[in-house]
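Architecture at a glance
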Amino acid sequence: MSFPEPLQQLIGDRLDRELNWKSRCHPLVGYLPQRPSTPLFIKREDELNANVVGTKQRKYLSLLPALEHSGNRRIILIGSAHSNNVLGLTQLLRNRNYDVRALVKMPGNKALTGNHLLLSLLLPGDGIHYISHRDWPDVEQIARQEANRWAVRGPPAAVIPEGGYSEAVLPGILTLAADLQRNCTALKLQFRDIWTDSGTGVSAIGLLLGMRLLGMTQPRVHITQIAGDPDAFQQRYRQFESWLVRQLGSPLPSSSPEVRFIKPATAASYGSVNKTILHATGHIARETGLLMDPVYSVKHFYTVKCEMERHMPTGPQLILYNGGTLGLCGFQSQLASLQTIV
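Here's what I pulled together on the structure shown here. (Residues numbered from 1 in each chain as written. Predicted model: local features only at pLDDT ≥ 70, side-chain atom pairs only at ≥ 80, totals over all residues. Heavy atoms only, no water.)

On a plain count of helices and strands, the protein comes out with twelve helices and ten strands. Taking 342 residues into account, the globule formula puts the C-alpha radius of gyration at 20 Å, and the protein, at 20 Å, falls close to it. Judged by the C-alpha coordinates and their principal axes, the protein covers about 65 × 60 × 35 Å. In the protein, which comprises 342 residues, the proportion classed as buried is 54%. Of the contacts made within the protein by residues no fewer than 6 positions apart, 80% connect residues no fewer than 24 positions apart. As displayed, the protein offers around 15200 Å² of accessible surface, 51% of which is attributable to carbon and sulfur atoms. (Helix = DSSP H or I, 4+ residues; strand = E, 2+ residues; numbered from the N terminus. Rg over C-alpha atoms; globule rule 2.2 N^0.38 Å. Buried < 20%, exposed > 50% of the residue type's maximum accessible area, 1.4 Å probe, protein only. Contact = heavy atoms within 4.5 Å. Areas by Shrake-Rupley, 256 points an atom, 1.4 Å probe, with all protein chains shown as cover.)

Spatially, the six strands line up as an open sheet ordered β1-β2-β10-β7-β8-β9, and their pairing is mixed. Edge strands, defined here as strands with exactly one partner in the open sheet, are β1 (25-27) and β9 (259-262). Adjacent strand axes in the sheet meet at a mean angle of 25°, parallel and antiparallel pairs treated alike. Bridging between strand β2 (residues 40-44) and strand β10 (residues 317-321) involves five bridges; their strand directions are parallel. Each residue of the ladder has a partner; that of Phe 41, found in β10, is Leu 318. (Pairing = 2+ DSSP bridges. Axes fitted to C-alpha atoms, helices over the stretch in contact; angles between N-to-C directions.)

So, on to the packing of aromatic side chains. One pass over the full model with this rule turns up eight aromatic pairs. For the pair Phe 233 and Phe 261, a centre-to-centre distance of 5.1 Å together with 70° between the ring planes defines the contact as edge-to-face. Highlighted residues: Phe 233 in helix α9 (residues 230-248) and Phe 261 in strand β9, separated in sequence by 28 residues. On the basis of relative accessibility, which here comes to 24%, the residue Phe 261 falls in the partly exposed class. For the ring pair Phe 240 and Trp 243, a centre distance of 5.0 Å and an interplane angle of 85° mean the geometry is edge-to-face. In this pair, Phe 240 and Trp 243 both sit in helix α9, three residues apart, roughly one turn of the helix. For Phe 240, a relative accessible area of 0% puts it in the buried group. The exposure class of Trp 243 is buried, given its relative accessible area of 14%. Linked through ring pairs, Tyr 165, Phe 240 and Trp 243 together constitute an aromatic cluster. For Arg 236, the ring lying beneath its charged end belongs to Tyr 165, and the centroid distance is 4.2 Å. (Phe/Tyr/Trp six-rings, centres within 6.5 Å; stacked < 30°, edge-to-face > 60°. Lys NZ or Arg CZ within 6 Å of the ring centre and 35° of its normal.)

Turning next to the pairing of strand β8 (residues 220-225). Along β8, five of the six residues are buried, which leaves the element largely enclosed by surrounding structure. Sheet topology places strand β7 (residues 193-198) next to β8; six bridges connect them, and they run parallel. Looking across to β8, one finds that Asp 193 is bridged to Arg 220. Of the crossover connections in this fold, the one passing from β7 over helix α8 (residues 202-213) to the parallel β8 is right-handed. Bridge count between β8 and β9: four bridges; the pairing is parallel. The residue of β9 that forms the bridge with Ile 223 is Phe 261. What joins β8 to β9 is α9, and the crossover it makes is right-handed. (Right-handed = clockwise from strand over helix to strand, strands pointing away.)

Right, let's talk about the sheet that holds strand β6 (residues 157-160) for a bit. Spatially, four strands are ordered β5-β4-β3-β6 in an open sheet, and the strand pairing comes out parallel. Both edges of this open sheet fall to β5 (128-131) and β6, since each of them pairs with a single strand only. Averaged over all pairs of adjacent strands, the angle between their axes in this sheet comes to 20°, without regard to strand direction. The pairing of strand β3 (residues 74-80) with β6 spans four bridges and is classified as parallel.

With that settled, the discussion passes to the packing of helix α2 (residues 56-70) against helix α3 (residues 84-95). Packing of α2 against α3 leaves a shortest axis separation of 11 Å and a crossing angle of 45°. On the basis of their axis angle, the class for α2 and α3 is oblique. The chirality of how α2 crosses α3 is right-handed. Residues Lys 56, Lys 59, Tyr 60, Leu 63, Leu 64 and Leu 67 of α2 form the contact with α3, whose participating residues are Asn 84, Asn 85, Gly 88, Leu 89, Leu 92 and Leu 93. Grouping the constituent residues of the contact of α2 with α3 by class yields seven nonpolar, three polar and two charged. (Parallel < 35°, antiparallel > 145°, perpendicular 65-115°, else oblique. Left-handed = near helix turned anticlockwise from the far one by under 90°. Nonpolar A, V, L, I, M, F, W, Y, C, P; charged D, E, K, R; others polar.)

To continue, consider the pattern of salt bridges. Throughout the structure, instances matching the rule amount to 19 salt bridges. The closest approach of N and O atoms between Arg 96 and Glu 18, which form a salt bridge, is 3.9 Å. Of this pair, Arg 96 sits in the loop between α3 and β4 (99-105) while Glu 18 sits in the loop between α1 (7-11) and β1, and the two are 78 residues apart along the sequence. Judged by relative accessible area, which is 25%, Arg 96 ranks as partly exposed. Take Glu 18: its relative accessible area is 69%, and that puts it in the exposed class. Glu 47 is the salt-bridge partner of Arg 44, the closest N and O atoms lying 3.4 Å from each other. Through salt bridges with shared partners, a single network forms among Lys 43, Glu 45, Arg 58, Asp 179 and Arg 182. (Salt bridge = Lys/Arg side-chain N within 4 Å of Asp/Glu carboxyl O.)

Below is the structure:
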């Protein structure tokens with residue numbers, strides 16, 4: 001794999017060569033406001049892997065080789081019952097014969113639906129440990145205690161924090177900026193704005209740090225914060241920045257792209273999905289041919305639509321589709337209730 005410097009020295013030999021890091025970029029027709037002065041494009045992170053939700057794959061590009069190098073064959077994952085990260089990483093780890101356990105936040109609805117159901121198919125009953133809401137703030141400490149108990153009976157276990165928040169994912173998440181640069185060269189254009197979403201913020205942080213390393217002060221980056229707030233995002237950004245400086249062995253370029261944080265235009269609480277989002281899921285599917293997950297991608301696209309209707313930007317625009325069709329699994333009954341069978 002070849003990347004532009006200085007990314008090559010950070011990324012080159014640290015990625016899993018079996019996993020894809022290139023996603024296509026094509027014109028987006030439908031749903032968002034269409035104007036000749038504002039050509040719209042979509043970057044299809046959903047196509048990186050059919051069974052891993054979108055940009056999550058970039059984390060695993062470097063996380064999997066790091067785990068292989070460490071010799072840890074027992075892994076403890078942390079996340080919600082419907083976590084895209086837990087589900088995606090569990091699949092890849094089981095593919096490679098890792099022993100996996102998941103510490104899962106006890107869901108309000110205990111019915112097995114969506115990612116929760118799929119995770120239960122991947123792991124045996126004792127492979128999923130439910131943590132109460134009261135104890136959830138201490139989940140990483142609980143995970144370390146579990147890893148220590150596990151180590152007494154055999155090889156050590158590695159703990160992967162919620163959202164894959166660790167230094168090991170850094171080389172992988174930097175590939176997004178390099179891939180974006182590749183898209184721009186192929187399309188022979190420069191985007192004025194990028195619209196992306198953020199949960200834990202790890203993927204968006206990778207984009208911003210990668211752009212900074214490549215000297216890309218443009219385009220401006222708009223981030224729909226599906227979870228968290230700007231202060232928490234900035235705190236995590238500084239942590240990844242310090243890891244990157246250490247790995248690079250020198251200070252980062254001072255110039256960086258302009259960043260703007262946006263609250264979801266509706267159903268702002270993380271995990272909430274209302275009728276507006278469910279209706280938007282259908283509109284997006286019919287108008288663009290894209291089957292999107294309501295929790296992240298539909299909420300992001302609906303928010304971008306509201307922003308563009310309020311103040312239409314000019315110049316080429318790029319919307320990142322970081323989710324995937326798999327995220328629709330838990331919403332069949334809700335979506336079906338909105339459809340009319342003739």
